[in-house]
Amino acid sequence: MTRQVKNSSRENIYSLKGFGHVFRFTLMQTLKNKSFLISAIVMILMIMFMKPLMYLMNSGTDATKRSLEDHLQNIEAEKLYIYNETDFELSRIDITPQMDKDIKAGFLKPDAVTVYNKNDADPDELMAKLGPKDILVVVKATATGYSSDAVRADTSDVQVSSMDHAANYAKNLFEAQRKREMKLDEKTIQSINSGVSKGDVVTSAEYADEKSHTISKAELSGVTLGFAMLIMIVASLAGSYVISSVNEEKQSKLAESLLVSVRPMALLMGKVVGMLTFVATTVIVGVGGAMIVDVVMKNGFNVDMSAASSQGSFNLAIFTSYGVTGFIVFFVELIITLLSFGVLAGVLGSACGKTEDQQSATGIVTMLVMVAYLVSMLGVGQESMILKIALIPPVSYVMAPVAYVSGRIGLPVFLGSLAIQIAILVAMVILAAKTYRNLLLMDASKPKLATIFKAAKY
């Protein structure tokens, strides 16, 4: 049976009568929901401690140390002998410490590495005592520099790949010690290790644009990943909650009673804004906590984490990494995104006829969120795509703020993207105002567009 109610000519379909009651009820129900509380706590902690985690992950872990660890973990042998024929002294303590539990079973352990300097041993004797699973690496000076040669027994079981890793391990160990003896500080060593990479072939206009970028490509990738994941989490949770709440009221016939004293738009927007308030409060608390952590780290531990966000890794410290402007940009985008997905979820939820139809409605919201996530992550690696996808919803919800703070697009383009998003939001609000009451009273089978537009005619 279909119950369609034509709006009274006297009723204002945009009336928010009863909004406050629905808003407070939604907020209280959200605070009582354990899954939402756990998600909020996790999000707060991630925003608070992402910068310190990124700092700790990158400090004290230079390229040389990582390469030593990587090669050591990939040498399948019982013993590794390193014979150093150069004038630079190597000692056992130079070997990067590794806990046995961090090394895969069957791979070389740190205590199986023995270092000999010139005159400490005879290389011929070392070769003679090599077992079937042993490796000898000889580091020596050449006419053009230095070399590291890996040697195995004639009847060896050692794989060539392990010998390559052993040679590289000894080479990196020697290089690190050589730079230390040349009295190079850690920053200089890192600069040398970073090398020089080949750049892109660009036009003069593209080169000028590149100079205006405020963050690197690596940092851009981290910021995009962080904000895309934040959008994906909160939009999916908010959409799921709104759909579930609307459909529950519809199935229990509670909606019919509520519509007597509460206007349809108030019923929908109260839920959406209530959920938005919960998420916004979570972000603000996280940002406030992150600022406190920054102050404590700087004043209490004398650690400046201002460069932590420049690393090319996952970055959820976005709200504290780009000053007041960055905070406003990301926060405004987050609000617009949640309002858009919330209104859409409310309309889709009201079009469900049965509880099991929630999956279809939730699937539509999830699909749009995933499109925004996947396309933005694909586009961040293609500079030529950024301008285009920064203007196309739902991808623009992620890409527009990231592209703006990174200097990839200017303020006019960013404002244009926001204008498109707001126009779509207004259109959805108008559609919700015209359909929400009728959809709640309809026995619709599934959340189809035809059903939604049909309800708008009444």
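Residues numbered from 1 in each chain as written. Predicted model: local features only at pLDDT ≥ 70, side-chain atom pairs only at ≥ 80, totals over all residues. Heavy atoms only, no water.

(A) View of the pattern of salt bridges. Under the definition given, this model contains 2 salt bridges. Residues aspartate 87 and lysine 118 are paired through a salt bridge, measuring 2.8 Å at the closest nitrogen-oxygen approach. Of the two residues, aspartate 87 sits in the loop between strand 1 (79-84) and strand 2 (113-117) while lysine 118 sits in the loop between strand 2 and helix 4 (123-128), which places them 31 residues apart along the sequence. Salt-bridge contacts for lysine 140 lead to aspartate 149; the nearest nitrogen and oxygen are separated by 3.4 Å. The class of lysine 140 is partly exposed, set by a relative accessible area of 31%. (Salt bridge = Lys/Arg side-chain N within 4 Å of Asp/Glu carboxyl O. Helix = DSSP H or I, 4+ residues; strand = E, 2+ residues; numbered from the N terminus. Buried < 20%, exposed > 50% of the residue type's maximum accessible area, 1.4 Å probe, protein only.)

(B) Spatial organisation of empty space enclosed by the protein. The tally for this structure, following the rule as stated, stands at 3 cavities of 30 Å³ or more. What the largest cavity holds in volume is close to 60 Å³. As for the largest cavity, its lining consists of Phe36, Ser39, Ala40, Met43, Val234, Leu237, Met275, Phe278, Val279 and Thr282. Broken down by secondary-structure element, the contributors of at least two residues to the lining of the largest cavity are helix 2 (34-58), helix 8 (217-251) and helix 10 (264-300). Looking at the lining of the largest cavity residue by residue, the class counts come to 8 nonpolar, 2 polar and no charged. (1 Å grid on protein atoms, 1.4 Å probe; cavity = no way out; pocket = protein on both sides within 12 Å on 5 of 7 lines; lining within 4 Å. Points joined across faces, edges and corners; volume = space filled by probe spheres on them. Nonpolar A, V, L, I, M, F, W, Y, C, P; charged D, E, K, R; others polar.)

(C) Inspection of the confidence of the model for the chain at higher detail. In the predicted model, the chain carries a mean pLDDT of 78, and 76% of its residues have values of at least 70. Within the chain, the element-level pLDDT minimum falls on helix 7 (residues 204-212), averaging 49, and the maximum on helix 15 (residues 396-405), averaging 93. Taken together, the stretch residues 1-5 has pLDDT below 50 and engages in 17 contacts with residues farther than four places along the chain or on a different chain. For the stretch residues 60-64, pLDDT sits under 50, and the model shows 8 contacts to residues farther than four places along the chain or on other chains. (pLDDT = per-residue confidence, 0-100. Contact = heavy atoms within 4.5 Å.)

(D) Region of interest: the packing of aromatic side chains. Under the counting rule described, the total for this entry stands at 10 aromatic pairs. Aromatic side chains tyrosine 146 and phenylalanine 174 sit 4.9 Å apart centroid to centroid with 55° between the ring planes, which places their arrangement in the tilted category. Separated by 28 residues along the polypeptide, tyrosine 146 in strand 4 (residues 146-151) and phenylalanine 174 in helix 5 (residues 160-181) bring together distant segments of the chain. The partly exposed category is assigned to tyrosine 146, whose relative accessible area is 39%. Taking relative accessible area as the criterion, phenylalanine 174 reaches 2% and is therefore assigned buried. Every member of this aromatic cluster is reached through a ring pair, and the members are Phe36, Tyr241 and Phe278. (Phe/Tyr/Trp six-rings, centres within 6.5 Å; stacked < 30°, edge-to-face > 60°.)

(E) Structural detail: a nonpolar patch on the surface. A cluster of nonpolar side chains, Leu387, Leu391, Ile392, Ile420 and Ile424, forms an exposed patch at the surface whose accessible area comes to about 380 Å². For leucine 391, the position within the fold is in the loop between helix 14 (383-389) and helix 15. (Patch = residues over 30% accessible without salt bridge, like charges linked within 9 Å, V, L, I, M, F, W, Y side chains within 5 Å. Areas by Shrake-Rupley, 256 points an atom, 1.4 Å probe, with all protein chains shown as cover.)

(F) View of the packing of helix 10 against helix 16 (residues 411-441). As a packed pair, helix 10 and helix 16 sit with axes 9 Å apart at the nearest point and diverge in direction by 110°. The pairing of helix 10 with helix 16 is recorded here as roughly perpendicular in orientation. Contact with helix 10, carried on its side by Pro264, Met265, Leu267, Leu268 and Lys271, involves Val429, Ala432, Ala433, Tyr436, Arg437 and Leu440 of helix 16 and no other residues of that element. Looking at the contact of helix 10 with helix 16 residue by residue, the class counts come to 9 nonpolar, no polar and 2 charged. (Axes fitted to C-alpha atoms, helices over the stretch in contact; angles between N-to-C directions. Parallel < 35°, antiparallel > 145°, perpendicular 65-115°, else oblique.)

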